[in-house]
Amino acid sequence: MYRFSIFVLQLLLLIVALTFIFTNPFIISLDIGNLKYSFSSNLFAVVFISFIFLLYLAFYLFFRSRFSLGKYFLKNKYNKIEKGYLHFVDAMIAVANKDNKTALKSHKKMVNYLKDDPSLSLLLKSEVLKIEKKFPELNNVYEDMIKSKKTETLGYRGLMEQNLRNQDYHHAFLYGEKLFSINPNIEKLYDTLIFIAAKTKNWNQIILLSDKAFSNKLISKNDLNENKSIGFYEIAKIKFDSDIKDALKNILKAIDLKKNFPPYVKLHLEIIAGLNDKRNLKKLIKKYWSINPSSLLRSIIIKILNDKDLTDIKFINEIIKNNASAEESKKLLIYFAIKNLKWDIAREKIIGMIGSSPSRDICYFMSDIELGENNDKQKSDAWLMRAQNAKLQNSWICRITNQSQEEWSSLSNSGNYNSLVWTSPMMIRQNNN
């Protein structure tokens, strides 16, 4: 309403001005050189108004035709894009059906309509080359993809997977790390990078990647601690022979993140033993056994005590004094009683542990006792045979391949990262079933 009022006001002013000019004509004279021109003001007004009208008409026709032409070209462009996308869809359906001939045909048609957008063409070409297993050409397509912001993530992912396929873990990690910096939320990217880092023994990268993944809320606090502890543990192992004090710092970090994990405890005790700090070694053995007496820790402690000649029965009793009634504490004492030829202690502690289905450990203990105390080889061999029929003991078993191994490692013998669990083969089979 306001604009209309202004327009009406301007129109009225123009009419008033024109009325005044036409009702009060006057002569306009112009001197140009030696010539003098004279004409009526009414003629001037008519010419001026005609000029303004023609100028307005020219601008109106110009912009009207320009926008109509632009609209035509825009419509034509969108029609081409629509046809291009239709051919792209046809090609992707053909790829899914492994109809390479139709896929290539639709791809060529698509390129004609989408010349200004090569990203879809590269995507489609990569899928066709995957099916045809033309990996060198596929690499070139991925290289072209990383040159564009639209397709760089697809390019880096493709190059990472290609190098993984060729077991070139170094380049696979480089491309994966670049991809992680662009978009860390890509599914399973973090797990893949952790696996590659472990495969290439790049333990510092496991720690750094885990921190980044946690800051991006990709992993839980437990997963963060788990993976970082493995990184520190592996660094401690490497440093053991070259810088034992630095090794100690790293294993303490690992234990702080994953407390009382037997493989970490084992390395910690080995490092302290390597420093010839017997006093601290004894203290730590008592501490760890007091916290978590287990068959795995028992085997670890037995080896270290034998290596460091700390097998005195008095010290063994000091180790188990806080949980002497625990089964594993009794087994630890029985083992060293047999080693020290303390047959009365061995027999006293093993009473009540035999039962109808004794474990392999108990069978072996009884075999040693019968042979060592009574020199009764027949009874000793009978216990050895009974041990063969006893239920399988726990060992480190890969939860993915079911393969067992004696020592824990961050990469299992079958090549899987952090896949080992301390259990019996029977339990793994039951869980899988």
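Residues numbered from 1 in each chain as written. Predicted model: local features only at pLDDT ≥ 70, side-chain atom pairs only at ≥ 80, totals over all residues. Heavy atoms only, no water.

## Looking at the layout of surface pockets
Thought 1: The space that makes up the largest pocket amounts to roughly 1,100 Å³.
Thought 2: As for the largest pocket, its lining consists of 36 residues, and the residues nearest its centre are Ser295, Leu296, Ser299, Asn394 and Trp422.
Thought 3: Residue assignment for the lining of the largest pocket shows that the elements contributing at least two residues are α10 (221–239), α12 (262–274), α14 (295–307), α16 (327–339), α18 (360–374), β3 (395–398), β4 (404–405) and α20 (425–432).
Thought 4: The element contributing the most residues to the lining of the largest pocket is α14, with 7 residues.
Thought 5: Its residues assigned to classes, the lining of the largest pocket shows 15 nonpolar, 9 polar and 12 charged.
Thought 6: Quantified by volume, the second largest pocket comes out at close to 390 Å³.
Thought 7: Those elements that place two or more of their residues in the lining of the second largest pocket are α8 (189–199) and α10. (1 Å grid on protein atoms, 1.4 Å probe; cavity = no way out; pocket = protein on both sides within 12 Å on 5 of 7 lines; lining within 4 Å. Points joined across faces, edges and corners; volume = space filled by probe spheres on them. Helix = DSSP H or I, 4+ residues; strand = E, 2+ residues; numbered from the N terminus. Nonpolar A, V, L, I, M, F, W, Y, C, P; charged D, E, K, R; others polar.)

## Section: the pattern of salt bridges
Opposite charge on two side chains permits pairing when their charged atoms draw close.
Thought 1: Counted by the stated rule, this structure contains 18 salt bridges.
Thought 2: The closest approach of N and O atoms between arginine 298 and aspartate 361, which form a salt bridge, is 2.7 Å. Taken together, the residues span a long stretch of sequence, with arginine 298 in helix α14 and aspartate 361 in helix α18 at a distance of 63 residues.
Thought 3: Note on arginine 298: relative accessible area 7%, which makes it buried.
Thought 4: A salt bridge links aspartate 361 to lysine 331; the nearest nitrogen and oxygen atoms lie 3.7 Å apart. One end of the pair, aspartate 361, is in helix α18; the other, lysine 331, is in helix α16, and 30 residues separate them in sequence.
Thought 5: Taking the relative accessible area as the measure of exposure, aspartate 361 reaches 15% and is therefore buried.
Thought 6: When salt bridges that share partners are traced, they join Arg298, Glu327, Glu328, Lys331 and Asp361 into one network. (Salt bridge = Lys/Arg side-chain N within 4 Å of Asp/Glu carboxyl O. Buried < 20%, exposed > 50% of the residue type's maximum accessible area, 1.4 Å probe, protein only.)

## Digging into the packing of α10 against α12
Thought 1: Orientation of α10 relative to α12, taken along the N-to-C sense of each, is 30°, at an axis distance of 11 Å. By the criterion of interaxial angle, the relationship of α10 to α12 is roughly parallel. When the axes of α10 and α12 are compared, the crossing they make is left-handed. In this structure, α10 contributes Glu226, Ser229, Ile230, Tyr233, Ala236 and Lys237 to the contact, and α12 contributes Pro263, Tyr264 and Leu267. (Axes fitted to C-alpha atoms, helices over the stretch in contact; angles between N-to-C directions. Parallel < 35°, antiparallel > 145°, perpendicular 65-115°, else oblique. Left-handed = near helix turned anticlockwise from the far one by under 90°. Contact = heavy atoms within 4.5 Å.)

## Here's the deal with the nonpolar core
Thought 1: Formed by 81 residues in total, the largest nonpolar core has its most connected members in Ile251, Tyr264, Leu269, Leu305 and Ile319.
Thought 2: Once residues lying within four places of it in the same chain are set aside, the contact partners of isoleucine 251 are Tyr233, Ala236, Tyr264, Leu267, His268 and Ile271.
Thought 3: By size, the runner-up hydrophobic cluster in this structure holds 7 residues, among which are Leu129, Leu138, Tyr142 and Met145. (Core = buried A, V, L, I, M, F, W, Y, C linked by side-chain atoms within 4.5 Å.)

## Focus on the sheet that holds β4
Thought 1: Here 3 strands make up an open sheet; going across it, the order is β4-β3-β5 and the pairing antiparallel. Because the sheet does not close on itself, it has two edges, and the strands there are β4 and β5 (420–423).
Thought 2: Note: β3 against β5, 4 bridges, orientation antiparallel. Bridge pairing in β5 places tryptophan 396 opposite tryptophan 422. (Pairing = 2+ DSSP bridges.)

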